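Summary of the model geometry
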4 protein chains.
Amino acid sequence: MIIVLKPQTSQEEVDHIMKKIERLGLKPYYSKGEQASIIGVIGDDSKLLDHPIEAIAGVERVMPVLKPYKMASREFKAGRTIISVGTESIGDTKFTVIAGPCTVENEESMIRIAKGLKERGATFLRGGAFKPRTSPYAFQGLGKRGLEILAEARRVTGLGICTEVMDVRDVELVEQYADIIQIGARNTQNFNLLKEVGAAKKPVLLKRGFATTIEELLMSAEYILSNGNQDVILCERGIRTFETATRNTLDINAIPVLKELTHLPVFTDPSHATGKRSYVAATSYASLAAGADGVILEAHYDPESAVTDGVQTVSLETFSEIMATLGRIAPAVGRTV
Amino acid sequence: MIIVLKPQTSQEEVDHIMKKIERLGLKPYYSKGEQASIIGVIGDDSKLLDHPIEAIAGVERVMPVLKPYKMASREFKAGRTIISVGTESIGDTKFTVIAGPCTVENEESMIRIAKGLKERGATFLRGGAFKPRTSPYAFQGLGKRGLEILAEARRVTGLGICTEVMDVRDVELVEQYADIIQIGARNTQNFNLLKEVGAAKKPVLLKRGFATTIEELLMSAEYILSNGNQDVILCERGIRTFETATRNTLDINAIPVLKELTHLPVFTDPSHATGKRSYVAATSYASLAAGADGVILEAHYDPESAVTDGVQTVSLETFSEIMATLGRIAPAVGRTV
Amino acid sequence: MIIVLKPQTSQEEVDHIMKKIERLGLKPYYSKGEQASIIGVIGDDSKLLDHPIEAIAGVERVMPVLKPYKMASREFKAGRTIISVGTESIGDTKFTVIAGPCTVENEESMIRIAKGLKERGATFLRGGAFKPRTSPYAFQGLGKRGLEILAEARRVTGLGICTEVMDVRDVELVEQYADIIQIGARNTQNFNLLKEVGAAKKPVLLKRGFATTIEELLMSAEYILSNGNQDVILCERGIRTFETATRNTLDINAIPVLKELTHLPVFTDPSHATGKRSYVAATSYASLAAGADGVILEAHYDPESAVTDGVQTVSLETFSEIMATLGRIAPAVGRTV
Amino acid sequence: MIIVLKPQTSQEEVDHIMKKIERLGLKPYYSKGEQASIIGVIGDDSKLLDHPIEAIAGVERVMPVLKPYKMASREFKAGRTIISVGTESIGDTKFTVIAGPCTVENEESMIRIAKGLKERGATFLRGGAFKPRTSPYAFQGLGKRGLEILAEARRVTGLGICTEVMDVRDVELVEQYADIIQIGARNTQNFNLLKEVGAAKKPVLLKRGFATTIEELLMSAEYILSNGNQDVILCERGIRTFETATRNTLDINAIPVLKELTHLPVFTDPSHATGKRSYVAATSYASLAAGADGVILEAHYDPESAVTDGVQTVSLETFSEIMATLGRIAPAVGRTV
């Protein structure tokens, strides 16, 4: 940690800061420059987490040198995390495709979709039983009945299930049914929910919030990892920007950045990141080419009749085309689909 | 609702859309233009909430005409909502000042701060017992003990208490102690938590998330209102932008916008919106001048020793100055402090 | 254009708006709804460009239905614009790779870079003679001498030249030397400069500003097209967002969006969009996979010694790898490199 | 400047970096930590402007300690810059109000507006003769004739003139007519234009671009200052964010930030920052309360008939109210209006 001092800081102020740091068991080094003076702090920065150095008189700025996350970092684990779910391996050479409707609507449609996706090569089935809706007047999901329908779709097709949990009180229930527990973008920093899924025995697909920085996403992953669950998949799903032509902006840069910083698998969600069906294919291809380990897509045999998010849901025909093109791109970047 | 059709939409597609809308009990009007054709829909748009018209072939864009919130709107309630808390009235001519440390640290410091603020004219006392922290390794708050300390500070000073709840399981507990229940910026769209505080008997201070639009903030208020709690205070606390000179950007525009759209009281949080102590006074004055009904500030007798957020916490001396200047500005805009 | 009226608009106000629109030769249709009333306007919206309907009493909102650009739109030209430069065709099946140093430094290094890139398969050579620098104290480019060096590099290698013009007074000069004239991100809305290059006889690579919307980018292209120059290449180069892990955020969504809206070729600039060398390869692959027609990259035989932007400049070795991988991805999306 | 090294940097790499820095006449200090090593650089950082240290192998990150601007900084000039224009002083205790139509329309309307504003207490008259328009098909301003009309309005009312220059070729012309030369938001980083107005003999009102950081705004001011013109007024006019309820987001934080960093006067532009007439008053009051030295407002006797920007233009009646309220707030913050 580097502490930049204000130009007119007095010797008393400097001494005061130095002592404060020493009292925490860290070593401060003072360096007086012609134009600016700094104090370098050596040792475990995290001791300063609950001691706001920036609040002390004479301090202009504090610049952290170390990364605030540990278990999520490449320094903690050099290789790649590969997560086994049934017969599938996430984060390995095979590019994972999770697909399904936004919402579980009823058993018949769910099974029809699941079969259609299985035939076309999907790796996992998605579907929401608990739905975070902006409006209190909108459909909020089938709840437990939705989970049962998903289980039935798994029984019929063999596809593992990825479904969202929104409430700490539902973690146990969702854990019973899901193969992958999803944390949605509005809960990326719902720290108590992260702790609960950190104690669960199923892998977690953690979506990035639409205004969460990459570092904060890794800190949220750290909540899960440090509570005991090592199977975390990070999912970039679009961030909020000034651009209104799309629902969100897919931060494609986040893929190589995360690959550099962490050992965890990285997915994208082209459906939410664009908000429009006709942009899903292009951004799925981009995700694979940029190094992502998988995508999560909204697909339905009849997007027009989907209860929610139809506008960004691809048809089974489009899904077939997407799978075919992903299959052609994959070997160019050392992957299979 | 206006449905803009794609240029080459066929008559069959138009008929299909028209029928779909009629089946929902709404009246569609088709208007064929030289360069673009539209379908206007008259009636209660909310019937379309779970039917994604945009997903239908031939539809280019759907433009809602009506506002999606009802109980939060000026159309629902023409006057201003005034919330009585003990002897105080929020949303009336008096400008409300909620102040206190970021975190409840211990009884002694809390009571010292509370007394200092009471003497200097604060209206309510704030302090966090449950703290949402980016890092799992940082101090997470005193929990129930923190609430007890706040209650003791209230007993000693008479100041009402504003404190945050983060977890649906803690709503009942927090409700027992708090005079105003705070929903933090990371929970603005934690819809289950909103439903729970919607059922509580205490006013709710609802912070805007750092990437929540004004319309979404009003939809989140709608969750609370529609669950039975009419006492909602909206709080702008800074949004995320590209600017890095400050922690967030205080959206001062949001004050007149919200005053135009809703009857609910509007506060700001200059401490979090700037992230730096020396900018808190200026933005507090701006908030009052722009029409806000109150501010929530972080204050401590010794910001340097504050466990969290010291860098944006003002001292009691600065708090005195802020109160004095607010007192001088208030009459210019028809207020008292 | 749809004009949404305020709830309490009087009949006089409605009549006033109707007359105003009729006087401009347009046909207004009034539609009184239960909850909201609207006026639809049929005819050429652009007549309203200089008549702010939104400013009239009773008007709540104006929602344009037609796109504001014409010559840049797919409606104006159904096919794709293919631009011939020497023996190369931009916007056709071959993926174009423009590469070179940020700045022209001296003849020796320029020719060494140009030869290295030519050997490795670059399509065009880039290099700045006029440099927009944030600091007035930083190197501002070699000016005319830089252009002469670029011409010499072209003579030696046969590579066409892409170079930036910043000043209306330099357009004639740059036009003499460049094969492609570049408009930088800070000049996307320098309308007088756009008019000047609109009168030039060379193709223009128009970069998107870092806070320019996709629609505004197309309007800027419209300035060039409507001044007579039909050879415009659009270039997404990263937008400003809250994320600080990268210099900018590459808006990968912009590729399919632009492909849907316009016939013009679409490039990306992975160097500026990421700001870091190690992210350039991944985002170049993503651009090709998402449907871009080309990329513009910063490359140097010794990035460390580059005068400007070394941190985002790839070495010739990395450039070779990028070309090889692009070559493998291309056929998967119907391209060659 | 602090150079943070990558974890596995070799001694050769460290030596290489050290030598590189020494060759530039700067003193590097190497500090090996347990978890991270750094090199501190003492001396004039600006020597490194054209030498990208971040591009060298082994360097993870470069953190500047010194501010990149000099003449704009408080360190360069401790007091406040007060700019005399005729009998008016900008940046002193009097709060400056520049007002007028977006565009100069014709002599009659201009003089009518000027008289109305003069009577109501405006300090300067604004009006555009050269207009930056997003669409090439929109009215582009009256040019020289517009300047003549402004001069006539000044002759009649005595109000000084503030008008925009967009093109380096027009600086001499605009300088002849204007009392304050305005640089618009799209030209904040048009460096050649900044150099030209830096050589002019009239004060410059420099608007912040809608995605320009505060530091970049100060660097743009530095271009003007370092070219000889010391009379620069900075103007915050709204930045681009995800919020769509307003045209832009007024960055009210920028006022105290700029007041801390620079001696130059700071204005805001509530009309462009909100884009809606009914929000102009509230944000003007906020600007004064937050410490701004003035505002620039769009005002017209008949906003509905204004050629451009009518929706954000206030009427003369509203202007009167704004002036009255500003007059009441001013003494509370040590100002007059």
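Up top is the structure.
Here goes a summary of the coordinates provided. (Residues numbered from 1 in each chain as written. Chains lettered and ligands numbered in written order. Predicted model: local features only at pLDDT ≥ 70, side-chain atom pairs only at ≥ 80, totals over all residues. Heavy atoms only, no water.)

**Quick word on the overall build of chain A**
For chain A, the helix and strand inventory stands at 10 helices and 14 strands. Expressed as lengths along the three principal axes of its C-alpha atoms, the size of chain A is roughly 75 × 45 × 40 Å. Relative to its full complement of 337 residues, chain A shows a buried share of 66%. Of the contacts made within chain A by residues no fewer than 6 positions apart, 68% connect residues no fewer than 24 positions apart. A total of about 11100 Å² of accessible surface is found on chain A, and carbon and sulfur atoms cover 48% of it. Considering chain A, the positive charge centre built from 40 side chains and the negative charge centre built from 42 side chains are found 2 Å apart. (Helix = DSSP H or I, 4+ residues; strand = E, 2+ residues; numbered from the N terminus. Buried < 20%, exposed > 50% of the residue type's maximum accessible area, 1.4 Å probe, protein only. Contact = heavy atoms within 4.5 Å. Areas by Shrake-Rupley, 256 points an atom, 1.4 Å probe, with all protein chains shown as cover. Lys, Arg positive; Asp, Glu negative; His and termini not counted. Charge placed at Lys NZ, Arg CZ, Asp CG, Glu CD.)

**As for the pairing of strand E12 (residues 232-236) of chain A**
Residue and element names in this part refer to chain A. Of all five residues in E12, five are buried; the element is thus mostly enclosed. As defined by bridge partners, strand E11 (residues 204-207) adjoins E12 across four bridges and the pair is classed as parallel. The residue bridging Val204 from the neighbouring strand is Val232, located in E12. For the crossover from E11 across helix H6 (residues 214-226) to E12, the handedness is right-handed. The pairing of E12 with strand E13 (residues 266-268) spans three bridges and is parallel. In the sheet register, Leu234 faces E13, and the bridge partner there is Val266. At this point the chain moves from E12, through helix H7 (residues 254-261), to the parallel E13, and the crossover so formed is right-handed. (Pairing = 2+ DSSP bridges. Right-handed = clockwise from strand over helix to strand, strands pointing away.)

**Some details on the relation of the copies chain C and chain D**
With an axial shift of 0.0 Å and an RMSD of 0.0 Å, the rotation relating chain C to chain D amounts to 180°. What we have between these two chains is a two-fold relation. Among all residues of chain C, the minimum C-alpha distance to the rotation axis is found for Ala211 of chain C, at 2.8 Å. (Least-squares fit on C-alpha atoms with pLDDT ≥ 70 in both.)

**Observations concerning the interface of chain B and chain A**
If you look at the interface, chain B gives 50 residues, while chain A gives 50 residues. When chain B packs against chain A, close to 4500 Å² is buried across both sides, 51% of that on carbon and sulfur atoms. Of all residues in chain B, the largest losses of buried area upon contact with chain A belong to Asp50, Tyr137 and Glu304 of chain B, amounting jointly to 15% of the total for that side. Across the contact surface, chain B and chain A share six salt bridges. Of the charged contacts, one joins Arg169 of chain A and Glu196 of chain B as a salt bridge, the two residues approaching to 3.0 Å between their closest N and O atoms. Between the two partners, chain B and chain A, sit 26 residue pairs in polar contact (both at pLDDT 80 or more). Those elements giving two or more residues to the side of chain B that touches chain A turn out to be helix H1 (11-23), helix H5 (191-198) and helix H6 (214-226) of chain B. Element by element, the count of residues in the side of chain B that touches chain A is highest for H6 of chain B, at five residues. Taken together, the residues of the side of chain B that touches chain A sort by class into 22 nonpolar, 13 polar and 15 charged. (Buried area = accessible area lost by both parts, 1.4 Å probe. Salt bridge = Lys/Arg side-chain N within 4 Å of Asp/Glu carboxyl O. Polar contact = N/O pair within 3.5 Å; in protein donor to acceptor, adjacent residues only side chain to side chain. Nonpolar A, V, L, I, M, F, W, Y, C, P; charged D, E, K, R; others polar.)

**Quick word on the environment of Gly128 of chain A**
Residue and element names in this part refer to chain A. With respect to the helices and strands, Gly128 occurs in the loop between strand E8 (124-126) and helix H3 (144-157). C-alpha separation for the pair Gly128 and Val165, spaced 37 residues apart in sequence, amounts to 8.7 Å. Ignoring anything within four residues of it in the chain, the contact list for Gly128 reads Pro101, Cys102, Thr103, Val104 and Thr163.

**A word on H6 of chain B**
Residues and elements named next belong to chain B. Its 13 residues give H6 an end-to-end C-alpha distance of 18 Å, which sits within 8% of 18 Å, the value for a rise of 1.5 Å per residue. Burial within H6 is extensive, with 11 of its 13 residues counted as buried. Those residues of H6 not exposed but buried are Ile214, Glu216, Leu217, Leu218, Met219, Ser220, Ala221, Glu222, Tyr223, Ile224 and Leu225. Residues of H6 that are buried make contact with H5, strand E11 (204-207), strand E12 (232-236) and helix H7 (254-261). Backbone geometry just after H6 places Gly228 at a positive phi near 115°. (Expected span 1.5 Å × (residues − 1).)

**Overview of the relation of the copies chain B and chain A**
Once chain B has been moved 0.0 Å along the axis and rotated by 180°, it coincides with chain A to within an RMSD of 0.0 Å. Of the interface residues in chain B, 100% have counterparts in chain A that sit at the interface too, so the contact is made through matching surfaces.

**Things to note about the interface of chain C and chain D**
Each partner contributes residues to the interface: chain C has 50 residues there, and chain D has 50 residues. At the boundary of chain C with chain D, total buried surface from both sides reaches about 4500 Å², with 51% on carbon and sulfur atoms. When the area that chain C buries against chain D is broken down by residue, the three leading residues are Asp50, Tyr137 and Glu304 of chain C, summing to 15%. Applying the counting rule to chain C against chain D returns six salt bridges. A salt bridge links Glu216 of chain D to Arg240 of chain C; the shortest N-O distance between them is 2.6 Å. Here chain C and chain D share 26 residue pairs in polar contact (both at pLDDT 80 or more) between them. Those elements giving two or more residues to the side of chain C that touches chain D turn out to be helix H1 (11-23), helix H5 (191-198) and helix H6 (214-226) of chain C. Here the side of chain C that touches chain D gets five residues from one element, more than from any other, and that element is H6 of chain C. Split into classes, the residues belonging to the side of chain C that touches chain D amount to 22 nonpolar, 13 polar and 15 charged.

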